[in-house]
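Structural description and commentary
Single-letter residue listing:
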Amino acid sequence: MKILLKNAMVITMNEKREVYREGNVLIEDDRITKIGHFQDTGDCDEVMDCKGKIIMPSFVNTHTHTSQQLARGLADDVDLLTWLRERIWPYESNMTEEDSYISTLLFCAEQIKAGCTSIAEPGGQFVSGMAKAITEAGIRGKLAKSVMDCGEGLPVPWQRSTEEELAKQEEDLKKYHNTADGRVKVWFGIRTIFNATDELIVRSKELADKYGVGVHMHIAEAKAEVEYAKETRGCTTVTHLNNLGFLDKNVIAAHSVWLTNEEVEMFREHGVKVSHNPASAMRVLGFAKIPRMLREGICVALGTDGTPTNNRMNMVDEMWVTSLIHKGWRLEPDVVKAEEILTMATINGAKAVGEEDLYGSLETGKKADLIIIDPDVNPDMLPVHDPIANLVTSMHSTNIMCTMCDGKWLMKDRTLLTIDENEIIRLGKEHAAAICRRGGIRLPDRFPMI
């Protein structure tokens, strides 16, 4: 296939951050072969006139729980222990492989419609179900199992030894890594220091290095976590992981809210990648030192986290929240600028998952992972005086008309092409209700039901 997209504002996100006011993008099979100002080629299979539209790289969601998609709204307005032990653990521990598949497919539908084509899963229940859905949907996924070898109150199905958890991850990697033409990859996951022995942490990192993949872990997520680390390890989470030799360039540290300034420097020195999840953090976690991390040159990317912590699995919304919270809590209107946020959502996301040579920017030779945005589809994004600011602070996912991954259209004119949207919505409702029944999850009525 040879596809020409012409006459668009092309925001490349390349190293020079070049923008073509009326540029063209030529795609052959899965790659971009030409970009910028050039004459139309007459031998294309498809030509799309994108006059008045914006073409940019698709988003990379660097921390998101595909298995939690069917748990939207299950854990609002509750404290952390209630959230965990009465809602999320009963939900996740009662999932089947089919539930995981349906949950991930519904998740993919939401991601594609919000312009995201690459995700990093820190730990779901069935890598098999996730991999099947990612393959069918046509996006990219760095998938990991939810891994825990200790901790109080764990549901019976999760009470496994270190050896069992490591063996299962290796089994998943050998089955699913580099499948779907390389779009599906398997990483090692560690849920949190609350539920991981030092042996699990060290050996997971050793195996990740052996197989040339990454490790995804919730790190310094909550104040209670760093206090727990002090009590059980003698120092805070990041300092302890540094002492173990865990911190490295192939580690995604999710949240990273409770870091000292010295620990920020540890991240910089070891090349740790940070997944900033602002909406999730605003629930109960706090404010990460993102302005300092950016000044230090740390690779900061964006993630939505899971539906029970955010409810909006939408990178467009995540950019908007990021544009507000750091200015607000620091009372500095010029920190975390729009161009930095767009970088976090695109090329930094690709760097975080180790694939910046493949996508994250629109450049000759890179994969054709892109979105087409129509500012005129509704009044919300108009007028466009500053295109970068508008993309970050006033765009909605409904402005995204087309999504492409690996040179294939996943959505055109807001219609999903790889997923039967109506059917997956129907199945999602059925499976969500069944999981709640099996887990005995009942929510109190907020208002009297008549």
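Let us look at the structure shown here. (Residues numbered from 1 in each chain as written. Predicted model: local features only at pLDDT ≥ 70, side-chain atom pairs only at ≥ 80, totals over all residues. Heavy atoms only, no water.)

1. Observations concerning the environment of Glu 363
Structurally, Glu 363 can be placed in the loop between helix H14 (347-352) and strand S15 (370-373). Residue Glu 363 is classed as partly exposed on the basis of its relative accessible area of 28%. Discounting chain neighbours no more than four positions away, the residues touching Glu 363 are Asn 14 and Ile 32. Among the polar contacts made by the side chain of Glu 363, one reaches the side chain of Ser 361 at a distance of 2.6 Å. (Helix = DSSP H or I, 4+ residues; strand = E, 2+ residues; numbered from the N terminus. Buried < 20%, exposed > 50% of the residue type's maximum accessible area, 1.4 Å probe, protein only. Contact = heavy atoms within 4.5 Å. Polar contact = N/O pair within 3.5 Å; in protein donor to acceptor, adjacent residues only side chain to side chain.)

2. A closer look at the sheet that holds strand S12 (residues 251-255)
The sheet built from 5 strands is open, its strands ordered S10-S11-S12-S13-S14 with parallel pairing. For this open sheet the edge positions go to strand S10 (188-190) and strand S14 (300-302), each flanked by a neighbour on one side alone. Each strand of the sheet is rotated relative to its neighbour by a mean of 25°, with strand direction disregarded. Two strands pair when backbone bridges link them, and S10 and strand S11 (residues 215-219) are joined in this way by 3 bridges, in the parallel orientation. Bridge pairing in S11 places Phe 188 opposite Val 215. Set on the sheet, helix H12 (residues 315-330) makes contact with strand S13 (273-276) and S14; between it and S14 the angle comes to about 130°. (Pairing = 2+ DSSP bridges. Axes fitted to C-alpha atoms, helices over the stretch in contact; angles between N-to-C directions.)

3. Focus: the pattern of salt bridges
The full count for this structure, using the stated rule, is 34 salt bridges. The salt bridge involving Asp 406 is made with Arg 140; its shortest N-O contact spans 3.0 Å. With Asp 406 in the loop between strand S16 (400-405) and strand S17 (408-412) and Arg 140 in strand S8 (residues 140-143), this residue pair connects regions lying 266 residues apart in the sequence. The exposure classification of Asp 406 matches that of Arg 140, with both residues buried. Of the charged contacts in the structure, one is a salt bridge between Asp 248 and Lys 205, with a shortest N-O distance of 2.8 Å. Taken together, the positions of Asp 248 in the loop between helix H7 (237-243) and S12 and Lys 205 in helix H5 (residues 198-211) put the pair 43 residues apart, joining distant regions of the chain. Taken together, the salt bridges that share partners define one network made up of Asp 30, Arg 31, Arg 140, Lys 367, Asp 369 and Asp 406. (Salt bridge = Lys/Arg side-chain N within 4 Å of Asp/Glu carboxyl O.)

4. Describing the pairing of strand S1 (residues 2-11)
Burial analysis of S1 places 9 of its 10 residues in the buried class, the great majority of the element. Pairing geometry for S1 and strand S4 (residues 46-49), over 4 bridges, is parallel. Across the sheet, the residue bridging to Leu 4 is Val 47, located in S4. One ladder, built from 2 bridges, connects S1 with strand S5 (residues 54-57); its direction is parallel. Bridge pairing in S5 places Met 9 opposite Ile 54.

5. Comments concerning the sheet that holds S8
Two modes of strand pairing occur in sheets, parallel and antiparallel, and in both the strands are linked by backbone hydrogen bonds. Spatially, S6-S7-S8-S9 is the arrangement adopted by the 4 strands of the open sheet, whose pairing is parallel. Strands with a single pairing partner mark the edges of an open sheet, and in this sheet they are strand S6 (59-61) and strand S9 (184-186). Pairwise comparison of adjacent strand axes, ignoring direction, gives a mean angle of 15° for this sheet. Two strands pair when backbone bridges link them, and strand S7 (residues 116-120) and S8 are joined in this way by 3 bridges, in the parallel orientation. Pairing of Ser 118 across the sheet is with Arg 140, part of S8. Helix H3 (residues 127-137) rests against S7, S8 and S9 of the sheet, and its axis sits at about 170° to S8.

6. Let's talk about the nonpolar core
Judged by nonpolar contacts, the single largest core of 111 residues is most densely connected at Phe 59, Ile 219, Phe 246 and Phe 267. Of all the elements, helix H2 (residues 97-113) adds the most residues to this core, at 8 residues. (Core = buried A, V, L, I, M, F, W, Y, C linked by side-chain atoms within 4.5 Å.)

7. Things to note about the packing of aromatic side chains
Scanning the model with the defined rule gives 4 aromatic pairs in all. Ring centres 6.2 Å apart and planes at 80° place the aromatic pair Trp 89 and Trp 158 in the edge-to-face group. Taken together, the residues span a long stretch of sequence, with Trp 89 in helix H1 (residues 80-93) and Trp 158 in the loop between S8 and helix H4 (162-176) at a distance of 69 residues. Comparing Trp 89 with Trp 158 shows no difference in burial state: the two are buried. Aromatic side chains Phe 194 and Tyr 228 sit 4.8 Å apart centroid to centroid with 45° between the ring planes, which places their arrangement in the tilted category. Here Tyr 228 lies in helix H6 (residues 223-233) and Phe 194 lies in the loop between S10 and H5, a separation of 34 residues in the sequence. Judged by relative accessible area, Phe 194 falls into the partly exposed class, the value being 28%. (Phe/Tyr/Trp six-rings, centres within 6.5 Å; stacked < 30°, edge-to-face > 60°.)

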